[in-house]
Amino acid sequence: MNLFINDIPVRILLPEERPEAGHFNVEINASTEPINKAKLLHHVWLNQASVQDMDLVFDLINSKVPINLLSLTVSINDYEAFKKYLKGKFKVIKAAGGLIKKKDKFLMIYRMKKWDLPKGKRESGERSVETAVREVEEECNVRVKLGKKICTTWHTYTMNKNSMLKKTKWYEMALVDDSNSKPSIEEDIEELRWMTQKEVYHALENSYKSIRFVFEEYYKTEKVG
């Protein structure tokens with residue numbers, strides 16, 4: 001599970017899993033030592049974590065006091081119990097979006113002073129693949145052909161003082177027609193821009209960690225392919 005809490009990447013692993021070498025600089029064994037903000041420094045592996053430990057981690061990351069955590073990998077003792085905990089702690093919103101490609105360029109949107117990818121909430125009775133295509137076409141006024149799934153992200157946010165967790169499925173898409181493309185003002189989109197890989201790299205400096213993750217996962221599949 002690829003979580004983004006307060007825009008900090010938090011990867012949830014099964015009990016027997018561990019992060020790859022070089023992906024963490026601090027290890028915390030939750031079964032033998034306390035978890036505090038001072039230990040959550042840079043890239044952390046939290047091993048043998050319980051649901052109660054994760055409740056504390058959420059509070060520490062969401063604190064108004066700045067934290068020096070860049071990424072967190074968690075080997076959770078009970079994966080199913082953790083999923084139930086999330087559903088109890090947050091209101092889960094299901095969404096879908098797309099990474100649209102035209103030759104060697106990608107379509108990015110500028111919304112809320114950040115570069116982003118088009119996405120939106122799933123409507124009743126809709127499948128994620130249908131949501132992804134509909135939202136892309138509504139937000140950008142382009143026609144696309146659906147490709148394979150890239151990944152799923154989960155990110156937290158607050159709406160009307162309620163804790164929300166958005167589960168977004170991301171798909172590759174090929175452009176069919178952008179002759180009438182325009183940003184959806186109703187969705188607070190100010191600009192659409194086709195970007196080269198180099199331009200995307202710079203745009204991600206002013207984006208969200210979850211969007212960076214989508215591109216990273218896409219590039220991984222491209223290398224495999």
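Quantities reported herein were computed from a predicted structural model and do not represent experimental measurements.

1. Some words on the overall build of the protein
Counting its secondary structure elements, the protein contains 5 helices and 12 strands. The C-alpha extent of the protein, read off along each of the three principal axes, is 60 × 35 × 30 Å. Across the 225 residues that make up the protein, the buried fraction comes to 46%. Partitioning the intrachain contacts of the protein with sequence separation of at least 6 by distance along the chain shows that 68% fall at a separation of at least 24. As displayed, the protein offers around 12400 Å² of accessible surface, 48% of which is attributable to carbon and sulfur atoms. The centroid of the 38 positive side-chain charges in the protein is displaced by 1 Å from the centroid of its 33 negative side-chain charges.

2. Remarks on helix H3 (residues 128-140)
Compared with the 18 Å implied by 1.5 Å per residue over 13 residues, the 18 Å span of H3 between its first and last C-alpha is a close match. Burial in H3 covers these residues: Ser128, Thr131, Ala132, Val133, Arg134, Glu135, Val136, Glu139 and Cys140. Those residues of H3 that are buried are in contact with strand S6 (91-102), strand S7 (105-111), strand S9 (119-121), strand S10 (143-159), strand S11 (162-177) and strand S12 (189-195). Where H3 ends, the next residue or the one after it, asparagine 141, has phi of about 55°, a positive value.

3. Description of the pattern of salt bridges
Under the defined criterion, the tally for this structure stands at 15 salt bridges. A salt bridge links arginine 111 to glutamate 139, with the nearest nitrogen and oxygen atoms 3.1 Å apart. Pair noted here: arginine 111 is in strand S7 and glutamate 139 is in helix H3, with a separation of 28 residues, a long-range link. Residue classification places glutamate 139 among the buried residues on the basis of a relative accessible area of 1%. Between glutamate 135 and arginine 134 there is a salt bridge, with the nearest N and O atoms lying 3.0 Å from each other. Using a relative accessible area of 8% as the deciding quantity, one classes glutamate 135 as buried. Residues joined in a network through salt bridges with shared partners are Glu123, Glu126, Arg134, Glu135 and Glu138.

Rules behind the numbers
- Residues numbered from 1 in each chain as written.
- Predicted model: local features only at pLDDT ≥ 70, side-chain atom pairs only at ≥ 80, totals over all residues.
- Heavy atoms only, no water.
- Helix = DSSP H or I, 4+ residues; strand = E, 2+ residues; numbered from the N terminus.
- Buried < 20%, exposed > 50% of the residue type's maximum accessible area, 1.4 Å probe, protein only.
- Contact = heavy atoms within 4.5 Å.
- Areas by Shrake-Rupley, 256 points an atom, 1.4 Å probe, with all protein chains shown as cover.
- Lys, Arg positive; Asp, Glu negative; His and termini not counted.
- Charge placed at Lys NZ, Arg CZ, Asp CG, Glu CD.
- Expected span 1.5 Å × (residues − 1).
- Salt bridge = Lys/Arg side-chain N within 4 Å of Asp/Glu carboxyl O.

Note that every value here comes from positions in space, so none of it alone points to a role or purpose.
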